[in-house]
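# Descriptive structure summary
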Amino acid sequence: MGIGANERLPVAVLFDRDGTLIRDVPYNGDPSRVQPMPGAKDVLDELRAQRVRIGVVSNQSGIGRGLVSREDVRRVNERVSELLGPFGTWQICPHVPEQACACRKPMPALLLTACEALGVPASRTAMIGDIEADVHAGEAAGCRTVLVPNEATASDEVDRAPLKATDLRSAVALVMPLLEVP
């Protein structure tokens, strides 16, 4: 069955978790420390209302370092969902950088797995994150990418980012037209 002239292909937006959707608390295993970024809930609710599929892709090397457990990360993710609403997929990389896995951002496997779980091709997906690894992972996967820097983002990473926005709302506004069916 093909796509008719009036049917739209699905669109998805993937978000980094720490520093993008919530305040970055390094190696956080405590759900009570989850604090959403300003405006995140409103932006996510608007995407859901437009039937945009959303997911989270997050490096969680604290698991591989033995600083947090998978259960700790799961509980933190549940708290994020309680505060920000449901996500179509959660994809995490538990590895440390030295393991050179295919899923740790800036590698694309985490994003490709998320796209598959959401049923959306990478070409119809945006990746929004706060560091250069998010941008490179998005580019490698074939997604549109936007950097939303925060106080911890390195200034040279901001300078190199092809698309950047000051907040999540601006990032979504910047990338959504790029995902529309011509």
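Residues numbered from 1 in each chain as written. Predicted model: local features only at pLDDT ≥ 70, side-chain atom pairs only at ≥ 80, totals over all residues. Heavy atoms only, no water.

### Concerning the confidence of the model for the protein
Basically, it comes down to this: Per residue, pLDDT captures the predictor's confidence, and it can take any value from 0 to 100. A contact between two residues is defined here by any heavy atoms of the two lying within 4.5 Å.
Here the protein averages 93 in pLDDT, and 94% of its residues register 70 or above. Below a pLDDT of 50 lies the segment residues 1-7, which in the model reaches two contacts outside its immediate sequence neighbourhood of four places, other chains included.

### Quick word on the nonpolar core
We count it as follows: For our purposes a nonpolar core is just a set of buried Ala, Val, Leu, Ile, Met, Phe, Trp, Tyr and Cys residues, chained together by side-chain atoms within 4.5 Å. Partly exposed describes any residue whose relative accessible area lies between the buried limit of under 20% and the exposed limit of over 50%, with all areas from a 1.4 Å probe on protein chains only and scaled to the type maximum. A run of H or I in DSSP counts as a helix once it spans at least four residues, and a run of E counts as a strand once it spans at least two, with each numbered from the N terminus.
Judged by nonpolar contacts, the single largest core of 29 residues is most densely connected at V13, F15, L21, L47 and I128. When residues of this core are traced back to their parent elements, those giving at least two are strand 1 (12-15), helix 1 (40-49), strand 2 (53-59), helix 3 (70-84), strand 4 (125-129) and helix 7 (168-179). Counting 17 residues, the second-largest nonpolar core is a separate cluster that includes L14, C103, L111 and V120.

### Describing the pairing of strand 3 (residues 89-93)
Formally: Pairing between strands requires that DSSP locate at least two bridges from one strand to the other.
Burial along strand 3 is one-sided: T89, Q91 and C93 are buried, while W90 and I92, pointing the other way, are not. Pairing analysis gives five bridges linking strand 2 to strand 3, with the strands arranged parallel. Its bridge partner being in strand 3, V56 is matched across the sheet by W90.

### So, the sheet that holds strand 1
Short version of the rule: Every angle, taken between N-to-C directions, lies between 0 and 180 degrees, and every axis is a line fitted to C-alpha atoms, over only the stretch in contact when it is a helix.
Read from one edge of the open sheet, five strands run 3-2-1-4-5, paired in parallel fashion. The open sheet is flanked by strand 3 and strand 5 (144-147), the only strands paired with a single partner. Strand-to-strand twist across the sheet, computed as the mean angle between neighbouring axes with direction ignored, equals 20°.

### Here we look at the pattern of salt bridges
Keep this limit in mind: By definition, a salt bridge exists where a carboxyl oxygen of Asp or Glu is found within 4 Å of a side-chain nitrogen of Lys or Arg.
Applying the stated criterion across every chain yields a total of 12 salt bridges. Salt-bridge contacts for K105 lead to D16; the nearest nitrogen and oxygen are separated by 2.8 Å. On the criterion of sequence distance, the pair formed by K105 in the loop between strand 3 and helix 4 (109-118) and D16 in the loop between strand 1 and helix 1 is long-range, its members being 89 residues apart. The pair K105 / D16 is uniform in exposure class, with both members buried. Residues E71 and R74 are paired through a salt bridge, measuring 2.2 Å at the closest nitrogen-oxygen approach. Placement of both E71 and R74 in helix 3 is noted, with a separation of three residues, approximately one turn of the helix. When its relative accessible area of 38% is taken as the criterion, E71 is described as partly exposed.

### What about the environment of S32?
Going by this rule: Think of a polar contact as two N or O atoms within 3.5 Å of one another; within protein, one of them needs to be a possible hydrogen donor and the other a possible acceptor, and neighboring residues in sequence only count if both atoms come from side chains.
With respect to the helices and strands, the residue S32 is situated in the loop between strand 1 and helix 1. Residue S32 is classed as exposed on the basis of its relative accessible area, which comes to 62%. Only 2.7 Å separates the side chain of S32 from the side chain of D30, close enough to count as a polar contact.

### Some thoughts on helix 7
Along an α-helix, residues three or four apart share an orientation, since each turn contains 3.6 residues. Cut-off, in case you're wondering: The span you would expect from a helix comes to 1.5 Å times its residue count less one. Think of the arc as the fan of directions from the helix axis to the C-beta atoms.
In this model helix 7 runs 16 Å from its N-terminal to its C-terminal C-alpha over 12 residues, within 8% of the 16 Å that 1.5 Å per residue would give. All buried positions along helix 7 are accounted for by L168, A171, V172, V175, M176 and L179. On an axial view of helix 7, the arc spanned by its buried residues comes to 120°, and they lie on one face. Looking at helix 7, the residues exposed on the side facing more than 90 degrees away from the buried face are A173 and P177. Where helix 7 is buried, its residues touch strand 1, helix 1, strand 4 and strand 5.

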